[in-house]
Amino acid sequence: MNTRYRNNMTLFRFAITFLVLVGISDFAFCGTVTGADTGTKGARLRVALAKGEVAKVGDRVEIYLVVPNVGVEASVATGRVASVKGKTIEVDVVKASGTVIAGQKVRFLTKNPKAVKGTPEDGSVPKETNARIGMVTRTVNTGDVARLDLSERRGIVILAVWPDQPAEKAGVQVGDVILKLNGVPIANNLEFNNLRKNWRVGDRIQMDLIRAGEKKSATATLVKRPETSVIIENLKDLAEQDSAWAGLLGMEYYKSQGIVKRDMKQAVKWITKAAEGGNHESQSQMAWLYNRGEGVEVEVDHERGFQFAKSSAEGGYPAGQAELGRCYYFGWGTDKDSKLAVQWWQRAADQNDARAMFNLGRAFEQGYGVDKSLTQAFHWWKKSAESGYPMAQTQVGLCYQRSIGTKQDFALARSWYEKGAANGFPEAMNSLGVIHQYGLGVPRDYPEAIEWYEKAAAKNNTNALVNLSDLYERGHGVKQNSDQAIKYLLQAAEAKNTGAQIALGYRYSRGQGVEVNHLKAREWFQKAVNLGNIGALTNLGVQYLYGNGVEKDYEKAAEHFLKAANAEQSMGQFYMGLMCLHGWHYEQDYPVALNWFRNSAKQGNLNAEAQIGYMYENGWGLPKDRVEAIARYIKAAKGGNVFAQKQLDRLGVKK
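Within any chain, residue numbers begin from 1 and follow the written order of that chain's sequence. Local features in this predicted model are restricted to residues of pLDDT 70 or higher, and side-chain atom pairs are both shown and tallied only at a pLDDT of 80 or more, whereas totals for entire chains, interfaces and linings draw on every residue. To obtain the side-chain values, all non-hydrogen atoms of the structure were included, while hydrogens and water were left out.

To continue, consider the overall build of the chain. The secondary structure listing takes helices from DSSP runs of H or I that are at least 4 residues long and strands from runs of E that are at least 2 residues long, numbered from the N terminus. Along its length, the chain carries 28 helices and 15 strands. The cut-offs for exposure are 20% and 50% of the maximum accessible area for each residue type, with area from a 1.4 Å probe on protein chains only; residues under the lower value are buried, those over the upper are exposed, and the others partly exposed. Of all 655 residues assigned to the chain, the portion counted as buried reaches 47%. For the chain, contacts bridging at least 24 residues in sequence account for 50% of all contacts bridging at least 6. Per-residue accessibility takes into account occlusion by the displayed protein chains alone, with areas from the Shrake-Rupley method and a 1.4 Å probe. Of the roughly 32,000 Å² of accessible surface on the chain, a fraction of 49% belongs to carbon and sulfur atoms. Contact definition: two residues touch when any of their heavy atoms are within 4.5 Å.

Moving on: the packing of helix α24 (residues 570–582) against helix α26 (residues 606–618). Packed helices, taken two at a time, are described by the angle between their axes plus the distance between the axes. To get an axis, a line is fitted to the C-alpha atoms, and for a helix only the part in contact is used. The angle between two axes follows their N-to-C directions and goes from 0 to 180 degrees. Look at α24 against α26: their axes get within 10 Å of each other, and the N-to-C directions meet at 25°. With respect to α26, the element α24 is oriented roughly parallel. Here the hand of the crossing between α24 and α26 comes out left-handed. On α26, the residues that touch M571, F574, L578 and L581 of α24 are N607, A608, Q611 and M615. The nonpolar class holds Ala, Val, Leu, Ile, Met, Phe, Trp, Tyr, Cys and Pro. Asp, Glu, Lys and Arg form the charged class, and all remaining residues, Gly among them, are polar. Of the residues assigned to the contact of α24 with α26, the class counts are 6 nonpolar, 2 polar and no charged. Roughly parallel here means an angle under 35 degrees, roughly antiparallel means over 145, roughly perpendicular means 65 to 115, and every remaining angle is called oblique. Crossing handedness: left-handed means the near helix sits turned counterclockwise from the far one by under a right angle, and right-handed means the same turn made clockwise.

Only buried Ala, Val, Leu, Ile, Met, Phe, Trp, Tyr and Cys residues count toward a nonpolar core, and they belong to the same one when joined by side-chain atoms within 4.5 Å. W245, M286, L324, W381, V396, Y453 and L504 are the most contacted members of the largest nonpolar core, which totals 101 residues. The residues touching V396, leaving out its near neighbours within four places in the chain, are F378, W381, K382, A385 and W416.

Let us look at the environment of L651. Mapping L651 onto the fold places it in helix α28 (residues 642–651). For the pair L651 and I630, spaced 21 residues apart in sequence, the C-alpha to C-alpha distance is 8.6 Å. Those residues within four positions of L651 in sequence are excluded, and the remaining contacts are E617, R626, I630 and Y633.

Now for the packing of aromatic side chains. Between the rings of Phe, Tyr and Trp (Trp by its six-membered ring), a pair exists once the centres lie within 6.5 Å; its type follows the angle of the planes, with under 30 degrees stacked, over 60 edge-to-face, and the other angles tilted. Scanning the model with the defined rule gives 19 aromatic pairs in all. With 5.8 Å between their ring centres and 15° between their planes, Y554 and W584 make a pair best called stacked. One end of the pair, Y554, is in helix α23 (residues 554–566); the other, W584, is in the loop between α24 and α25 (590–602), and 30 residues separate them in sequence. Here Y554 falls in the partly exposed class, since its relative accessible area comes to 29%. Taking 5.6 Å as the distance between ring centres and 5° as the angle between the ring planes, the aromatic pair formed by Y590 and W620 counts as stacked. Here Y590 is found in helix α25, whereas its partner W620 is found in the loop between α26 and α27 (626–638), with 30 residues between them in sequence. Accessibility expressed as a relative area gives 25% for Y590, which makes it partly exposed.

In this section: the side chain of R507. Locating R507 in the fold gives a position in helix α20 (residues 498–510). By relative accessible area, R507 is classed as buried at 8%. If we skip the residues at most four places from it in the chain, R507 touches S469, E473, I486, L489, Q512 and V514.

Turning our attention to unusual backbone geometry. The phi torsion at A212 lies on the positive side, around 55°, for a residue other than glycine. Here A212 lies in the loop between β13 (204–211) and β14 (214–221). Taking relative accessible area as the criterion, A212 reaches 66% and is therefore assigned exposed.

Rendered as structure tokens:
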């Protein structure tokens, strides 16, 4: 919902239309919204609890308002408590039917006991909150499921246990997977971190866990957390003695998770120590760093990257196997080898490595090292997506949207895009914008599309910038503004988005929002070609075909069109058809022209579809067939093809 509510009168005016009206709830008022970052689905709200109210992480809440002069309550949103800080809670909005603003009321949808005198919630002598359990954890990943004999991908895995601390005294071991804490299910490390914010010194924490496939239980009594400086010194001492701790210290310097400040030099030092000490996870991490580089601290060194990946992979670590597959795919530190790339991805995929499964999907899509199969590509992408990999979730959404290896289903496409967006993946957000802009399975909603594009653009997604440019140029959902449209395009083009570069070139060639400038158009088309965009070859060919900014040259036009057409670029195939149809550079050849048009039309090119209709109407290279010609014109015209519509008008045919 994108309606912006500005005041009580606006709320009153639109409540009946846009909000779900409800009677007085069985669950009473418990607090008031004091602030929100965006106020819509996915937002995080701040709520001040009413006196005597108690909340815990995971509680379901409803945000509502009382419509002025009507006396009924209108539900605005529902969500879950993400954190509790004294009398202030943070709520993540799960579903919104309106926009949340400060001052709206909140009630629990789960009943909680009131605070009792003497408990910390009512402000009476709280226990010390700086509590420690003494273990290092992360969210269970896909590789852990098979390696640790788990039934599903849920919980947190213990990476390290601090000596002589509550977790160790309780019997917790490295590799244990915690599923519940004091009866509260823990799905991931974020939930664990939110929950422990409320722990106090002296609290007893019961842990339900899995060890080697068997259910276990352990109870730890929390102690006071040492000063950060003491923790750092202890961690360095442990890192000097043990490669696992060295790897953890290195990742702490790399990610800066609350103990030390980010320091890539220290990160590389400690991760390298762990890797050279035989820690396969650290070997995988160093392979990743050397293969991609990390600022000035780590220069790209594919030779070292390959060696670290090989050691990690041969040690059975799935992320290392996936990285070794990439080394063979790109030829990083070794010769390119499609068979070996696929073999290592398959080994990692057998251990449920999400990236490896995604790469296998790409291999089947391209026929790289395996027989080409879009069905198999979709199979692997879906497995990766189900493991929580946001890039795969977005790809599966695209498959459902465009019928790639599966049946078209816009509802499922949107569902997978929403999963990817919830995981913070910018292209998923951009894809949701596309769903709403074009009304794919939902009513067309330009404001909703703009909201998703802006979220994606804020995360540096250049495709979203291109889409925003289009909406500003057309004035869809916003006031028409060609200057702003060009700014968005330029921003994306300078960030090396080839689609934006082609769009800018097209605008300069047509004078859309800018003055006609064929030289600038050519510059942008050439930049796109230099970055590997085959479609831009067609644009350069068009300049030679019509003499736009250059001397007309059919030979050079044909050279560009043929390169694009041989790479199965539909517009290149279309223009090759035109060249053969009219005898430009090539001898006039109707059958060859028809073949190029058909290949282009198979890819959905409506220009080619219309040209096939024209050939049927005139009997060029095939028998005259007015009925077939009209059918082709209608198909192209329904897609907005102007040439086809003109032919229908000429023939007196209505769509």
